[in-house]
Amino acid sequence: MKASSSLSSGPVSLNSALEAGRRVLLTEAGALHSLAESLDGPFSAALERLLAVKGRVVVTGMGKSGHIGAKIAATLASTGTPAFFVHPAEASHGDLGMVTQDDAVIALSNSGETAELADIVAYTRRFAIPLIGITGRADSALAVDSDVALVLPAFEEACPHGLAPTTSTTLMLALGDALAVALLESKGFTAEDFRLFHPGGKLGQRLMRVADLMHGPQELPLCTPDTLMADVLVEMTGKSLGCAGVMGADGRLAGMITDGDLRRHMEDGLMRRRAVDVMTPDPMTVSPTLLAGEALHRMNSRKVTGLFVVDPGGRPVGFLHVHDLLRAGIV
């Protein structure tokens, strides 16, 4: 005798599956809109608590809420708010020692009655550690015990049975992102700060600066306006950057000589001419602090393959070639 199965038998049509997918996304999108509209005083109060933290933000949650909590902790940590995740069951078996009175705790529970959170919640109450609860019920134990309760707006789970955490976890995740970004902006966290925490991968490449890739001062082919072109060519050949910078008496970059400039003056007694007669005056330059991706965009827009890098006073401090950007994976 075959054992009966509670799972429905028979394939689901592709159209039905697509419709289910759309229904889930629309359900969750509507809930997110309601969440955005509902942000008010408690959200601001939570930000004030988190901005005042001298230690770290400890995020905790059980089950699916725990998975969301781990992501929230990671987002906070990467955007300038030191944070880590503590599993509530592990907290009850010694990991409460990770939580100090300089910290704050964010606890996630849709029902607000998760038994595994009881010990860590009680610990925050005992030692006056700020507790921010994220829950779906304003009358729950977690909401009542929290210093600040962020209560999710009324919603329906996208699961057709109303059982699997779907909309609820999406709302928690989005609320965590909202907290992280609001804290980032409140602290004046910059792209450079962000890069310090993301040195690898595509994100690290996108945040690289011109100074990270440019050729340094010792490699620069430079001359004065009165330098004979015969000597300029020697300088260009020796430095192998395919160009030369022309320095004014004030030390600022006055012009640039490229292969194109050489070809345009080839029939004009080039070797007897001076650099000032051949150079392109006031060439486009970039700052060493400019994002490398933006430098590439400027090169492409002007159809040039190299730029001198100058300091705020206009003095050359480096040179950036398009090949340097491509080798670094800047696209």
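The structure presented is a predicted model; accordingly, all values stated were derived computationally and were not measured.

Rules of the game
Residues numbered from 1 in each chain as written. Predicted model: local features only at pLDDT ≥ 70, side-chain atom pairs only at ≥ 80, totals over all residues. Heavy atoms only, no water. Pairing = 2+ DSSP bridges. Helix = DSSP H or I, 4+ residues; strand = E, 2+ residues; numbered from the N terminus. Phe/Tyr/Trp six-rings, centres within 6.5 Å; stacked < 30°, edge-to-face > 60°. Buried < 20%, exposed > 50% of the residue type's maximum accessible area, 1.4 Å probe, protein only. pLDDT = per-residue confidence, 0-100. Contact = heavy atoms within 4.5 Å. Arc of directions from axis to C-beta. Core = buried A, V, L, I, M, F, W, Y, C linked by side-chain atoms within 4.5 Å. Axes fitted to C-alpha atoms, helices over the stretch in contact; angles between N-to-C directions. Parallel < 35°, antiparallel > 145°, perpendicular 65-115°, else oblique. Left-handed = near helix turned anticlockwise from the far one by under 90°. Nonpolar A, V, L, I, M, F, W, Y, C, P; charged D, E, K, R; others polar.

K.L.:
Describe in detail the sheet that holds strand β11 (residues 306-310), supporting the description with residues and values.
P.N.:
The strand order across the open sheet built from three strands is β10-β11-β12, with neighbouring strands paired in mixed fashion. Every interior strand has two partners, whereas the edge strands, β10 (285-286) and β12 (316-321), have only one.

K.L.:
Hey, could you go over the packing of aromatic side chains for me, with residue numbers and the actual values?
P.N.:
In the structure shown here, the tally under the stated rule is two aromatic pairs. Judged by centre distance (4.9 Å) and plane angle (55 degrees), the rings of Tyr 123 and Phe 127 are tilted. Relative to Phe 319, the ring of Phe 308 has its centre 5.0 Å away and its plane inclined at 75 degrees; by these criteria the two rings are edge-to-face. Placement of Phe 308 in strand β11 and of Phe 319 in strand β12 is noted, with a sequence separation of eleven residues between them. For Phe 319, a relative accessible area of 1% corresponds to the buried category.

K.L.:
Residue-level account of the confidence of the model for the chain, with values.
P.N.:
Detailed conclusions should not be drawn from predicted coordinates in areas where pLDDT is low. Looking at the chain as a whole, its pLDDT mean stands at 90, while 91% of the residues score no less than 70. Long-range and interchain partners of residues 1-6, a stretch whose pLDDT sits below 50, account for zero contacts in this model, where long-range means more than four residues apart.

K.L.:
Give a detailed account of helix α2 (residues 41-51), specifying residues and quantitative values.
P.N.:
Buried residues of α2: Phe 43, Ala 46, Leu 47 and Leu 50, and no others. For α2, the angular spread of buried residues about the axis comes to 100 degrees, placing them on one side. Looking at the buried positions of α2, the neighbouring elements they touch are β1 (57-61), β3 (104-109), β4 (131-135), β5 (148-151) and α7 (167-187).

K.L.:
Tell me about the sheet that holds strand β6 (residues 222-223), residues and numbers included.
P.N.:
Across a sheet, strands are paired by hydrogen bonds formed along the backbone, either parallel or antiparallel in direction. Reading across from one edge, β6-β7-β8-β9 is the order of the four strands in this open sheet, with mixed pairing throughout. Looking at which strands have only one partner, the edges of the open sheet turn out to be β6 and β9 (280-281). Both strand β7 (residues 243-247) and strand β8 (residues 253-258) contribute to a ladder of five bridges, which runs antiparallel. Opposite Val 246, over in β8, you have Gly 255 as the bridge partner.

K.L.:
Before we move on, could you go through unusual backbone geometry and cite the residues and values that matter?
P.N.:
Backbone geometry places Ser 240, a non-glycine residue, at a positive phi of 60 degrees. The residue Ser 240 is located in the loop between α11 (229-239) and β7 in this model. In this structure, Lys 303 is a non-glycine residue whose phi angle is positive, near 55 degrees. Mapped onto the secondary structure, Lys 303 falls in the loop between α14 (292-302) and β11. You can call Lys 303 exposed: its relative accessible area is 74%.

K.L.:
Please provide a residue-by-residue account of the environment of Ala 158, values included.
P.N.:
Among the structural elements, Ala 158 can be located in the loop between β5 and α7. The class of Ala 158 is buried, set by a relative accessible area of 8%. Once you skip the residues sitting within four places of it in the chain, Ala 158 turns out to touch Val 24, Thr 27, Glu 28, Thr 166 and Thr 167.

K.L.:
Explain the pairing of β5 to me, and be specific about the residues and the numbers.
P.N.:
Only one face of β5 is buried: it carries Val 148 and Leu 150, and the other face, with Ala 149 and Val 151, is open. Where β4 and β5 come together, four bridges link them in parallel fashion. The residue of β5 that forms the bridge with Thr 135 is Val 151.

K.L.:
Can you break down the nonpolar core residue by residue, with the values?
P.N.:
The biggest cluster of nonpolar side chains holds 29 residues, and the ones touching the most others in it are Leu 50, Leu 76, Ile 106, Leu 108, Ile 134 and Leu 150. When contributions to this core are tallied by element, the ones reaching two or more residues are α1 (14-38), α2, β1, α3 (64-78), β3, β4, β5 and α7. Broken down by element, the residue count for this core peaks at seven residues, all from α7. Dropping the residues within four chain positions of it, Leu 50 is found in contact with Val 57, Ala 104, Ile 106, Ile 132, Leu 179 and Leu 183. By size, the runner-up hydrophobic cluster in this structure holds 17 residues, among which are Val 210, Leu 213, Ala 292 and Leu 320.

K.L.:
So what's going on with the packing of α1 against α7? Which residues, and what values?
P.N.:
Look at α1 against α7: their axes get within 10 Å of each other, and the N-to-C directions meet at 45 degrees. Here α1 is positioned oblique relative to α7, judged by the angle of their axes. Along this stretch, α1 crosses α7, giving a crossing that reads as right-handed. Taking contact as the criterion, the partners of Thr 27, Glu 28, Ala 31, Leu 32 and Leu 35 in α1 are, on α7, Thr 167, Thr 170, Leu 171, Ala 174 and Leu 175. A per-class count over the contact of α1 with α7 returns six nonpolar, three polar and one charged.

K.L.:
Before we move on, could you go through the side chain of Thr 81 and cite the residues and values that matter?
P.N.:
Looking at the element boundaries, Thr 81 is found in the loop between α3 and β2 (83-85). Look at Thr 81 and you get buried, because its relative accessible area is 3%. With sequence-adjacent residues up to four places away left out, Thr 81 is seen in contact with Val 57, Leu 76, Leu 183 and Lys 187.

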